Amino acid sequence: MTQRVVLAYSGGLDTSVAVRWLMEHRDAEVICVAVDVGQAAESGGEDWDRIRARALAAGAVEATVIDARAEMAEDFCMPALVANAKYEGKYPLVSALSRPVIVKHLVAEARKHGATSVAHGCTGKGNDQVRFEVGTRALAPDLNVMAPAREWGLTREDCIEYAAKWDIPLSVTKEKLYSIDENLWGKAIECGVIEDPWNRPPEDVYTMTVPTATEPSEVVIGFEAGLPVSLDGRDLAPEPLIAEMNRRVGSYGFGRLDMVENRRVGIKSRETYECPGALALLLAHSDLEDLTLERDLHHEKLRLEPRWAELVYDGLWFSPLKQALDAFFAESQRHVTGEVRLRLDQGRCWVVGRRSPVSLYDHGLATYDASDTFRHQDAEGFVRLWGLGVATWSAVQEGRGAPSSGSDS
Ligand code: ARG
């Protein structure tokens, strides 16, 4: 019996072949959904009309393009910024953030069209299958998930042949050397020569971080309650703000990552990323937290941040622990308001200043000059009691002699 399947469609070879494969092997009526999460921004964005036409040419009964750029920025990149999210301390979760956005829309389209399944074009070796499927099961446990590329066992050459056989138009761009996944938060580049972790990524893998700027410059990022709201005093919504940061910071060649990463499925992979805007915003946001978060709150948040990143990386965007951590982080951001000054020069981006109307930095307490307001006499008793426990331990159990009774002045 014919069934309706909503396929997450990218316009690439695999998802185009998937349309026909689902028709042939699953008796499916395929509805393609392409989600714009800000991919290929530096070249003016994807050509969505062409992608839609290709989906229909491949055999889809319907093809929809959803503009989710603002949603991606507001509901996915912003929480990641608030969480200072970097998987394994480095990777700002680029692909891991876009999959739950896509899942949300796939599920909504499945409901709209009365589909019983959703499908994606991921293979069995990566994280993205995990994110699609676990995300779908969290939002719509009744929907079935199909993963044609995991089942068909076709090589790239087989796919090209299959596409030719069914008159599926291929991308007019030159045969891809790398596997690329891209959105507002950055770009992931895999495969080809960079599969050897010793090989230096050829300069042609980079598109967002091509160093063109010749003079150093500074950018002031304004934050309100943890969220970036302005650049150099100009108010901007999250999406244009991130896009502008990508352009400005990227033009200094800052934002490249080269790492070996642990995938959820047990494979170590060599990954190359470009995330100029994300890495610069993360630098600025965490610096403002240094200035405005009370110590215990800050330390607890620092402990929870890697957990949040790991959950999201592992496909658990829609999960109770992630939701609870979001609530904690949201509460923590109430006073993360102020400005951070970043300097950009020759592949580098670093914080050179920060200020806040609710700064916990107290000049009178911190200074060593005559305006000092710190009560020095309070320190003595505090330090003595702080060390009392170890002094007693040392004297009694380590046999280092009785603790001194007091006046050591
Ligand atoms: N390793 C990264 C991640 O798991 C990037 C994945 C990129 N996906 C792709 N289809 N090229 O988040």
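Reading the values: rules and limits
Residues numbered from 1 in each chain as written. Predicted model: local features only at pLDDT ≥ 70, side-chain atom pairs only at ≥ 80, totals over all residues. Heavy atoms only, no water. Disulfide = S-S within 2.5 Å. Helix = DSSP H or I, 4+ residues; strand = E, 2+ residues; numbered from the N terminus. Expected span 1.5 Å × (residues − 1). Contact = heavy atoms within 4.5 Å. Buried < 20%, exposed > 50% of the residue type's maximum accessible area, 1.4 Å probe, protein only. Salt bridge = Lys/Arg side-chain N within 4 Å of Asp/Glu carboxyl O. Pairing = 2+ DSSP bridges. Axes fitted to C-alpha atoms, helices over the stretch in contact; angles between N-to-C directions.

**A word on the state of the cysteines**
For the coordinates displayed, the defined rule picks out zero disulfides. Of the cysteine sulfurs around C349, a residue in no disulfide, the closest is that of C275, at 13 Å.

**Examining helix α8 (residues 238–250)**
Compared with an ideal rise of 1.5 Å per residue, which puts 13 residues at 18 Å, α8 spans 17 Å between its outermost C-alpha atoms and is within 8% of the ideal. Next to the buried residues of α8 lie α3 (69–82), β8 (217–224), β9 (227–231), β10 (234–235), α9 (276–292) and β13 (338–345).

**What to know about unusual backbone geometry**
Phi is positive for L93, which is not a glycine, with a value near 70°. Looking at the secondary structure, you find L93 in the loop between α3 and α4 (94–113). Residue classification places L93 among the buried residues on the basis of a relative accessible area of 0%. Residue D167 is not a glycine yet carries a positive backbone phi of 60°. Of note, D167 is situated in the loop between α7 (156–165) and β6 (179–183). Overall, D167 belongs to the exposed group, its relative accessible area being 65%.

**Some points on the pattern of salt bridges**
In this structure the tally under the stated criterion is 31 salt bridges. Between R400 and E398 there is a salt bridge; the shortest N-O distance is 3.6 Å. Each of R99, D128, R131 and D181 takes part in one network of salt bridges that share partners.

**A short note on the sheet that holds strand β7 (residues 186–190)**
Across the sheet, which stays open at both edges, the four strands sit in the order β6-β7-β12-β11 with antiparallel pairing between neighbours. The open sheet is flanked by β6 and β11 (256–262), the only strands paired with a single partner. The sheet shows a mean angle of 25° between the axes of neighbouring strands, taken without regard to direction. Summarising the sheet, β7 and strand β12 (residues 268–274) pair through three bridges and their orientation is antiparallel. Paired with K187 across the strands is E274, a residue of β12.

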